[in-house]
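So you can see what is in the structure, the chains are spelled out below.
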Amino acid sequence: MQNAINRLILAVFVCSATTLMAQTDPQIGQYMHLQTTYNPAAAGEGDLMRVAGMHRMQYTGIRNMPMSTYFTFSSPFEIKKTKHAVGVRFLNDKYGFFMNQTFHVQYAYRHKIGKGYLSAGVDLGFVNMSFKTDSLNLDQIVSEVGEGFFSENDNAIPKGTGKEGSNGMTFDMGVGLYYSAPTWWASVSYSHLTQPKVEWSDLASIKLVGTMYIGGGYNWRLKHNRDWVLKPSIMVMTDFVNWDVNLTMLAEVKERFRFGAGYRIGGSVNLLFGVDIISGLQLGYTYELPANRLLKATYGSHELYLAYGFNVLKPNRTNKYKSIRYL
């Protein structure tokens, strides 16, 4: 399988010798808990200052498996009774021989509508993409594919490290809208609005395609047992060529314990778990299995996140962590 991946990567560069189009945003099982990773308008949700980190190991057992690490921070503030929020997000993403590192600063304006708040947000930052050619066994691949197909000295293949052109940085931008009410939320955002293009050399570059996220969720407290809340949610991720649809059902017990299952249509099934360790400090874990032929080659994917949130605008009102997703 790894040889096939190597051939595919190199074939793209050699046969096209132009720009590689890529949808690079990682897939997240706990998307409902980490919304600022893809929507800047979610910053400051619930008047909470929030710090969160997530690490995802995808397709364990496969060499050079994708690994993603997210860090986010956001804080609300007020200016003359108007609500705003700022934040930052950082991504370190490795997949195959590619590395994607991003850093964004976020801003959101929040306006009360009905029982909830409508937020509009923007994030501005940079994308750094690199290709680790020094990790490829080019001699082996040439012998397997054939010298007539390509040469290891082909200029279309990025070589070396940053000084030799396999590392590049460019400006990036995203926008979003987010509405949260006491029992439901809705989100729409668009990343890579500027269609950033990273140049590795005169013959090799990568262009990040814009990706739209559309999602929503509802909190349904059971009448016969008020300790239980069911939380169905959906997230659609698309570049208008490929579509990724995530369906999730979580159950929360006594405002502390969470468990459930999810299904990525045509892609995977997952189990989700979460717990409030102390007030405001949350730990979550997802185990995911592919629902395709990759099941024969991997032990599954693992996702772990840790988040802490507290109220900064009205600290004397309550010490208990609240948000629309943890009622």
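Residues numbered from 1 in each chain as written. Predicted model: local features only at pLDDT ≥ 70, side-chain atom pairs only at ≥ 80, totals over all residues. Heavy atoms only, no water.

Draft legend 1. Fine view of the side chain of Ser119. Within the fold, Ser119 resides in strand β6 (residues 116-131). The exposure class assigned to Ser119 is buried, which follows from its relative accessible area of 3%. Setting aside anything within four residues of it in sequence, one finds Ser119 in contact with Ala41, Tyr109, Arg110, Gly176, Leu177 and Tyr178. (Helix = DSSP H or I, 4+ residues; strand = E, 2+ residues; numbered from the N terminus. Buried < 20%, exposed > 50% of the residue type's maximum accessible area, 1.4 Å probe, protein only. Contact = heavy atoms within 4.5 Å.)

Draft legend 2. Just the environment of Arg221, in detail. Here Arg221 is to be found in strand β12 (residues 220-221). Classification of Arg221 by relative accessible area gives partly exposed; the value is 23%. In this structure, the C-alpha to C-alpha distance between Arg221 and Thr183, residues 38 residues apart in sequence, is 9.2 Å. At 2.5 Å, the side chain of Arg221 and the backbone oxygen of Arg226 are in polar contact. (Polar contact = N/O pair within 3.5 Å; in protein donor to acceptor, adjacent residues only side chain to side chain.)

Draft legend 3. Molecular detail of the pairing of β6. Across 16 bridges, strand β5 (residues 98-113) lies against β6 in antiparallel orientation. In the strand pairing of β6, Tyr109 is matched with Ala120. What sits between the antiparallel neighbours β5 and β6 is a turn of two residues, in which Gly114 has the positive phi angle 65 degrees. Looking at chain direction, β6 and strand β7 (residues 167-180) are connected through 14 bridges and run antiparallel. Bridge pairing in β7 places Tyr117 opposite Ser180. (Pairing = 2+ DSSP bridges.)

In short, the description is geometric, and any link to function would need to be established separately.
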